[in-house]
Amino acid sequence: MLRSTVLSVSRSLFTKPSAVAAVRFYHPKVIDHYERPRNVGSLNKSDPFVGTGLVGAPACGDVMKLQIKVDEATGKIVDVKFKTFGCGSAIASSSYMTERVRGMTLEDAGAIKNTEVAKELCLPPVKLHCSMLAEDAIKSAINDYKRKRAAAAATSA
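Each chain carries its own residue numbering, running from 1 in the written order of its sequence. At least 70 in pLDDT is required for a residue's local features to be given in this predicted model, at least 80 for side-chain atom pairs to be given and counted, and no such filter applies to totals for whole chains, interfaces and linings, which use all residues. Side-chain numbers come from the whole structure's heavy atoms, not from hydrogens or water.

For the protein, the name recorded in an unreviewed UniProt entry is Iron-sulfur cluster assembly protein, with Entomortierella chlamydospora as its organism. UniProt positions are given in the numbering used here, feature names are shortened, and annotations may be inferred rather than shown by experiment. Quoted verbatim from the Sequence similarities (unreviewed entry) field of the UniProt record, the comment on the protein reads "Belongs to the NifU family."

Visitor: Please provide a residue-by-residue account of the pattern of salt bridges, values included.
Guide: Salt bridge, as applied in this entry: a Lys or Arg side-chain nitrogen positioned within 4 Å of an Asp or Glu carboxyl oxygen. Tallied over the entire structure, the rule returns 11 salt bridges. Residues R38 and D32 are paired through a salt bridge, measuring 2.6 Å at the closest nitrogen-oxygen approach. Categorising residues by exposure relies on relative accessible area from a 1.4 Å probe, with only protein chains included: less than 20% of the type maximum marks a residue as buried, more than 50% marks it as exposed, and the intermediate range marks it as partly exposed. Taking relative accessible area as the criterion, R38 reaches 23% and is therefore assigned partly exposed. For the salt bridge of E116 with R100, the shortest nitrogen-to-oxygen distance reads 2.3 Å. With E116 in helix α5 (residues 114–121) and R100 in helix α3 (residues 88–101), this residue pair connects regions lying 16 residues apart in the sequence. Note on E116: relative accessible area 26%, which makes it partly exposed. By relative accessible area, which is 30% here, R100 ends up partly exposed. Secondary structure counts use DSSP, requiring at least four H or I residues in a row for a helix and at least two E residues in a row for a strand, with both numbered from the N terminus.

Visitor: I'd love a proper account of the environment of F82, names of residues and values included.
Guide: Note that F82 resides in strand β3 (residues 76–85). The exposure class assigned to F82 is buried, which follows from its relative accessible area of 2%. Spatially, the C-alpha atoms of F82 and L54 are 9.7 Å apart, while their sequence positions differ by 28 residues. Contacts are assigned to residue pairs with any non-hydrogen atoms lying within 4.5 Å of each other. With residues up to four places along the chain from it excluded, the contact list for F82 reads P37, R38, N39, V40, G41, K65, L66, I91, S94, S95 and T98.

Visitor: How would you explain the packing of α3 against helix α6 (residues 128–156) if you had to name every residue and give the values?
Guide: Between α3 and α6, the shortest axis-to-axis distance is 8 Å and the interhelical angle comes to 40°. When the axes of α3 and α6 are compared, the pair comes out oblique. α6 is crossed by α3, and the crossing has right-handed handedness. Residue-level contacts link S89, A90, S93, M97 and V101 of α3 to C130, S131, A134, E135 and I138 of α6. For the contact of α3 with α6, the residue count by class is 6 nonpolar, 3 polar and 1 charged. To get an axis, a line is fitted to the C-alpha atoms, and for a helix only the part in contact is used. The angle between two axes follows their N-to-C directions and goes from 0 to 180 degrees. When an angle is under 35 degrees it counts as roughly parallel; over 145 it counts as roughly antiparallel; between 65 and 115 it counts as roughly perpendicular; any other value is oblique. Here is the rule for handedness: rotate from the far helix to the near one, and if that takes an anticlockwise turn smaller than a right angle the crossing is left-handed, while a clockwise turn gives right-handed. All amino acids are sorted into three groups, where Ala, Val, Leu, Ile, Met, Phe, Trp, Tyr, Cys and Pro are nonpolar, Asp, Glu, Lys and Arg are charged, and the leftover types, Gly among them, are polar.

Visitor: Now, about α5: what can you tell me, with residues and values included?
Guide: Looking only at α5, the buried set comprises N114, V117, A118 and L121. Mapping the buried residues of α5 onto a view down its axis gives an arc of 95°, with all of them on the same face. The exposed residues of α5 that point more than 90 degrees off its buried face are T115 and K119. Each element contacted by the buried residues of α5 is listed here: α2 (28–35), α3 and α6. One or two steps after α5, the chain reaches C122, where phi turns positive at roughly 55°. This arc describes the spread of directions from the helix axis toward the C-beta atoms.

Have a look at this one:
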């Protein structure tokens, strides 16, 4: 009995499997931002010093809201919050972006590229759209802030 079991096991080790299942794991940086996301929440969107960016990826269903609060005197981002509905990579990209832009000027924050986010989080090519969402979200928030400030300036003039 034992001999036949050993033979059948050893034969199965040398036969080619019919289907190979690829296993992918998230990088520890993604897991860290997913399990302990930074700056989750919302800012008051009616605040004239808050810009809101809301972006989504129809292909995968990820939706990202990123908000910035800007100090008018310095032109720097003093607070930033996000809410993301999506995969671990989308949440991690949002969380990383909020850490990255805090304290930056609008110009510097707007210059951040998705490739920087993807490189920092070691995202695989199939998850690059998550870093693109983070880039689009910060740019959208900056544009919303600038639009609000231009409207407020036109109203007071």
